[in-house]
Amino acid sequence: MKLNPLVTELSLFDIVHTPGVAADLSHIDTKSTTNGFKGSEELDSALKGADVVVIPAGVPRKPGMTRDDLFNVNAGIIKDISTSIARQCPKAMVAIITNPVNTCVPIAAEILKKAGVYDPNRLFGVSTLDVVRARAFIGHALNVDPQKVEIPVIGGHSGVTILPILSQCKPKYTGSDADIQALTVRIQEAGTEVVKAKAGAGSATLSMAYAGARFAGSLLRGLNGEKNVIECSYVQSNVTEATFFSTPLVLGKNGIQENLGLPKLNDFEKKLLEAAIPELKNNIKKGVDFAKN
Ligand code: LMR
């Protein structure tokens, strides 16, 4: 975000280390100013007047854990940050990276609703890394520049809820049915691939930072009046039976300008969607129940 020319003021918040990280970042010769805020008593000051809030807070997975296993710790963190957002920057675009994303976004929605400031067009779950991974894997498989690959990845951000729509890939994905099956599972399990490789030292941070910065950059481009800014993101939705669902969105000055809905699905992808919906519904209900109680 420090490299993004659309950023004017960069505020960092964490329970430790932010003054040092902020001092370090502030020496990068881009025009934004950088401030570090540390400890819960400084959360309100970090958020005051923000236009965009990106939340990667919380604990990461260790091998053998699912994203849902992080719920007990991370749900409370999302609740506290959302409560502070409602007080300090109720009009901000909020992008949640914290896992389980499928549950944390509904929690934030409920907390913002309780505070009377919820705008479904301004609350996003970041699923950009699923798109980034799909582009990387497909680009290398087809021997084309991953940056030239376009593919919608819809649904949610965990396991079977991640739905790469390979039939709509540009350039056309030319693998066999077995390749399509294997690539779909690889994209769905790509986070776990990193968790295993890091062997207890956490989950994806570098590729996630890249993906989060791309998504936040797209929010800023939309805010700045740029046209045709399109990203897939997990948002409140009536496209399927799941009340939160990721589809391609047009981003504008007020957040979601248009939800482009489901891409065309083939029979294999329709089956994937069927498998995802019950899981998503459970994930969403867990978040809503937590916030209500
Ligand atoms: C990812 O997709 O890499 C992140 O959601 C982190 C994780 O736990 O997999």
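In what follows, the structure referred to is the one given above.
Residues numbered from 1 in each chain as written. Predicted model: local features only at pLDDT ≥ 70, side-chain atom pairs only at ≥ 80, totals over all residues. Heavy atoms only, no water.

Asker: Whenever I open this one, the nonpolar core confuses me. Can you help?
Answerer: Side chains of a nonpolar character, in soluble globular proteins, are inclined to be buried together. With 40 residues, the main nonpolar core has Ile55, Ile85, Ile96, Leu123, Leu163 and Phe245 as its most contacted residues. Looking at this core, the elements with two or more residues in it are α2 (43–47), β3 (52–55), α3 (71–88), β4 (93–96), α4 (101–114), β9 (244–252) and α9 (267–292). Not counting chain neighbours up to four residues away, the residues in contact with leucine 163 comprise Pro152, Val153, Ile154, Gly155, Gln188, Phe245, Leu272, Leu273 and Ala276. Judged by nonpolar contacts, the second largest core, of 17 residues, contains Met93, Ile97, Val132 and Leu249. (Core = buried A, V, L, I, M, F, W, Y, C linked by side-chain atoms within 4.5 Å. Buried < 20%, exposed > 50% of the residue type's maximum accessible area, 1.4 Å probe, protein only. Helix = DSSP H or I, 4+ residues; strand = E, 2+ residues; numbered from the N terminus. Contact = heavy atoms within 4.5 Å.)

Asker: What is the right way to look at helix α6 (residues 177–188) in this model?
Answerer: Taking 1.5 Å per residue, twelve residues should reach 16 Å; α6 reaches 17 Å between its end C-alpha atoms and fits that length. Within α6, the full set of buried residues consists of Leu183, Thr184, Ile187 and Gln188. Each buried residue of α6 sits inside an arc of 135 degrees when the element is viewed along its axis, so together they form one side. Those residues of α6 that are buried lie in contact with α5 (128–142), β7 (162–164), α7 (190–198) and α9. (Expected span 1.5 Å × (residues − 1). Arc of directions from axis to C-beta.)

Asker: Quick question: what am I supposed to make of the packing of aromatic side chains here?
Answerer: We describe a pair of aromatic rings using the distance from one ring centre to the other and the angle between the two ring planes. Summed over all chains, the structure comprises three aromatic pairs. Summarising the aromatic geometry, the rings of phenylalanine 71 and phenylalanine 290 are spaced 5.5 Å apart at their centres and angled 80 degrees between planes, so their arrangement reads as edge-to-face. Here phenylalanine 290 lies in helix α9 and phenylalanine 71 lies in helix α3, a separation of 219 residues in the sequence. On the basis of relative accessibility, which here comes to 28%, the residue phenylalanine 290 falls in the partly exposed class. Each ring, one from tyrosine 234 and one from phenylalanine 244, has its centre 6.0 Å from the other, and the planes form 35 degrees; the classification is tilted. On the criterion of sequence distance, the pair formed by tyrosine 234 in strand β8 (residues 229–236) and phenylalanine 244 in strand β9 is long-range, its members being ten residues apart. When the ring centre of phenylalanine 137 is taken as origin, the NZ or CZ atom of arginine 186, which lies over that ring, is 3.7 Å away. Over the ring of phenylalanine 71 we find lysine 286, and its NZ or CZ is 4.6 Å from the ring centre. (Phe/Tyr/Trp six-rings, centres within 6.5 Å; stacked < 30°, edge-to-face > 60°. Lys NZ or Arg CZ within 6 Å of the ring centre and 35° of its normal.)

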